[in-house]
Amino acid sequence: MRIGDTIYLDHQASTPVDARVFSEMAPYFGESFGNPHSTDHVAGWRAAQAVEGAAARVAQLIRADADEIIFTSGATEANNLALLGLGRRAAGGKRRRFLVSAVEHKSVLAVSRVLRDQLGYQLDSLPVDRLGRVNLSALRDLAADDVLAVSVMAVNNETGTIEDIPAISSLLEGTGIVLHCDAAQAPCAIDLGHFNRHVHLLSLSGHKMYGPQGIGALFVRREIKDALEPLQYGGGQQQELRSGTVPVPLCVGMGAAAALLGGAEANAERERLRLLRDKFVRGMMELPWRISLNGAAGAERHPGNANLQFEGFTAHNILGAVQPRLAASTGSACTSGIPEPSHVLKAVGLSAEQAAASIRFSIGRYTTEQDVDAAIDLVKDALSRLADANMLQSA
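Okay, so let's go over this structure. Because the structure is predicted, anything quoted here is derived from the model rather than measured.

The subject of this paragraph is helix H4 (residues 106–119). For H4, which comprises 14 residues, the first-to-last C-alpha distance of 19 Å matches the rise-based estimate of 20 Å (1.5 Å per residue) to within 8%. Looking only at H4, the buried set comprises Lys106, Ser107, Val108, Leu109, Val111, Ser112 and Leu115. In the core, the buried residues of H4 are packed alongside helix H3 (75–89), strand S4 (97–101), strand S5 (122–126), strand S6 (147–151), strand S7 (178–182) and helix H10 (343–347). Of the residues trailing H4, glycine 120 is marked for its positive phi of about 80°.

The next point concerns the packing of helix H2 (residues 42–61) against helix H7 (residues 248–259). At a minimum axis separation of 8 Å, H2 and H7 run at an interaxial angle of 30°. Like other packed secondary-structure pairs, H2 and H7 cross with a definite hand, here left-handed. For the pair H2 and H7, the contacting residues are Ala47, Ala50, Val51, Ala54, Arg57, Val58 and Leu61 in the first and Val248, Cys251, Val252, Met254, Gly255, Ala256, Ala258 and Ala259 in the second.

Between side chains of opposite charge, a pair can form when the charged atoms approach closely. Taken as a whole and assessed by the stated rule, the structure comprises 23 salt bridges. Here aspartate 18 makes a salt bridge to arginine 365, at a shortest N to O gap of 2.8 Å. One end of the pair, aspartate 18, is in the loop between strand S2 (6–8) and helix H1 (19–25); the other, arginine 365, is in the loop between strand S13 (358–362) and helix H12 (369–394), and 347 residues separate them in sequence. Each of the two residues, aspartate 18 as well as arginine 365, counts as buried. Residues aspartate 117 and arginine 116 are paired through a salt bridge, measuring 2.7 Å at the closest nitrogen-oxygen approach.

Time to look at the packing of aromatic side chains. Applying the stated criterion to the full structure yields five aromatic pairs. Ring centres 5.1 Å apart and planes at 85° place the aromatic pair phenylalanine 98 and tyrosine 121 in the edge-to-face group. Within this pair, whereas phenylalanine 98 is found in strand S4, its partner tyrosine 121 is found in the loop between H4 and S5, the two being separated by 23 residues in sequence. The pair formed by phenylalanine 98 and tyrosine 121 is uniform in burial state, with each residue classed as buried. Note on tyrosine 210 and tyrosine 366: the rings are 6.2 Å apart at their centroids and 90° apart in plane angle, and the pair reads as edge-to-face. With tyrosine 210 in the loop between strand S8 (201–205) and strand S9 (216–220) and tyrosine 366 in the loop between S13 and H12, this residue pair connects regions lying 156 residues apart in the sequence. Look at tyrosine 210 and you get buried, because its relative accessible area is 2%. The structure contains a cluster of three or more aromatic residues connected by ring pairs, namely Phe280, Phe310 and Phe361.

In space, the three strands of this open sheet follow the order S1-S2-S12, with mixed pairing throughout. The open sheet terminates on both sides in strands that have one partner only, identified here as strand S1 (2–3) and strand S12 (326–327). Pairing of S1 with S2 involves two bridges; the strand directions are antiparallel. Along S2, the bridge assignment pairs isoleucine 3 with threonine 6.

Two elements, S4 and S5, share five bridges in a ladder whose sense is parallel. Looking at S5, one finds that arginine 97 is bridged to glutamine 122.

Excluding glycine, most residues fall at negative phi; most peptide bonds, likewise, are trans. The amide bond that connects glutamine 323 to the next residue, proline 324, takes the cis arrangement and shows omega of 0°. For proline 324, the position within the fold is in the loop between helix H9 (315–321) and S12. Even without being glycine, tyrosine 210 reaches a positive phi, approximately 70°. In the Ramachandran plot, glutamine 238 falls in the positive-phi region, its phi being about 50° despite a non-glycine side chain.

On to the sheet that holds strand S11 (residues 305–310). In any sheet, the strands associate via hydrogen bonds between backbone groups, in a parallel or an antiparallel arrangement. Spatial ordering of the open sheet is given by S10-S11-S13, a layout of three strands whose pairing is antiparallel. On the outer flanks of this sheet lie strand S10 (291–293) and S13, each paired with one strand and no other. Taken pair by pair, the neighbouring strands of this sheet meet at an average axis angle of 30°, ignoring direction. Pairing of S11 with S13, which is carried by five bridges, proceeds in the antiparallel orientation. Bridge pairing links alanine 306 to phenylalanine 361 in S13.

Cut-offs applied
- Residues numbered from 1 in each chain as written.
- Predicted model: local features only at pLDDT ≥ 70, side-chain atom pairs only at ≥ 80, totals over all residues.
- Heavy atoms only, no water.
- Helix = DSSP H or I, 4+ residues; strand = E, 2+ residues; numbered from the N terminus.
- Expected span 1.5 Å × (residues − 1).
- Buried < 20%, exposed > 50% of the residue type's maximum accessible area, 1.4 Å probe, protein only.
- Contact = heavy atoms within 4.5 Å.
- Axes fitted to C-alpha atoms, helices over the stretch in contact; angles between N-to-C directions.
- Left-handed = near helix turned anticlockwise from the far one by under 90°.
- Salt bridge = Lys/Arg side-chain N within 4 Å of Asp/Glu carboxyl O.
- Phe/Tyr/Trp six-rings, centres within 6.5 Å; stacked < 30°, edge-to-face > 60°.
- Pairing = 2+ DSSP bridges.

Listed below in structure tokens is the structure:
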């Protein structure tokens, strides 16, 4: 995919709105603009029906029911509602610990620190192996009867590593521990069918799945709805878990995007991404420099993710050298601009220098083979120029 003259390989930061999604959203910006919470007239009824339909489509991703979907502003809000909502409601109880994997998104890590510093919970970090997978033995040892919740993401936003959520769920079965899963990166990577059986809470983001920015959702398994304290109060919308008027066009867009990620078409798309990703990685490995892959290989990682380490270079220098022709990133867009090594790459055993030499390339729905070939050539040219400059400086 190209944005003007720029090859876009940063789909894990944000995806474009699919044209089919936008076409479904468009009427709700104009002629169908009713407030879905207006119960006295047909315009409100139609808007409410559109939101209910969107919730059903999002729910279908994980085989849940529409009334188990709470729309939010994004996955960050969904993560906050899940974890802070649990912590506030259970404050003062016997379960005083949260277990959080070391490679979680910053929104999960940040809210976990709030639980610790403001509500007095104990926060334990779950270690991961060199591929970024949670250590199940450590989880088994830590999962005592004083643990309120475990939070493990389905697909890592930096390395693309796919966690074994069914195995984690099985390990926690019968313990009374709530399992939360940040699945923002998952819909484009794996089939989420029947995840409703494995997790109690699951966070999603519209703009990671070819829907609009500014919308997300939290799946709340029906039997634990009363275990959450709302984060905002008002008219009691969305089963009193998230007050405020929901944005109908955005909800419709997220529902339409979800509908495109189920079935054979979605599986074929994932396979196409995997083939393009592998072509890209092979091409990069054939360049005359030491380049290695961070994280899991093959089917154990997001099919569009290639997190590559460039020994002897810095990621910021490479990304600067390919501007404005190629868009990629050093890691999570939510932590860009922070002058510190990636906590994800440090958790999997990389040094600060190795992490600073790593770039996340993420291929998407509209990426072509020509885009991949051109991106390899751009990186090759950038590395050549940087290597020559380093030689001149050292001479």
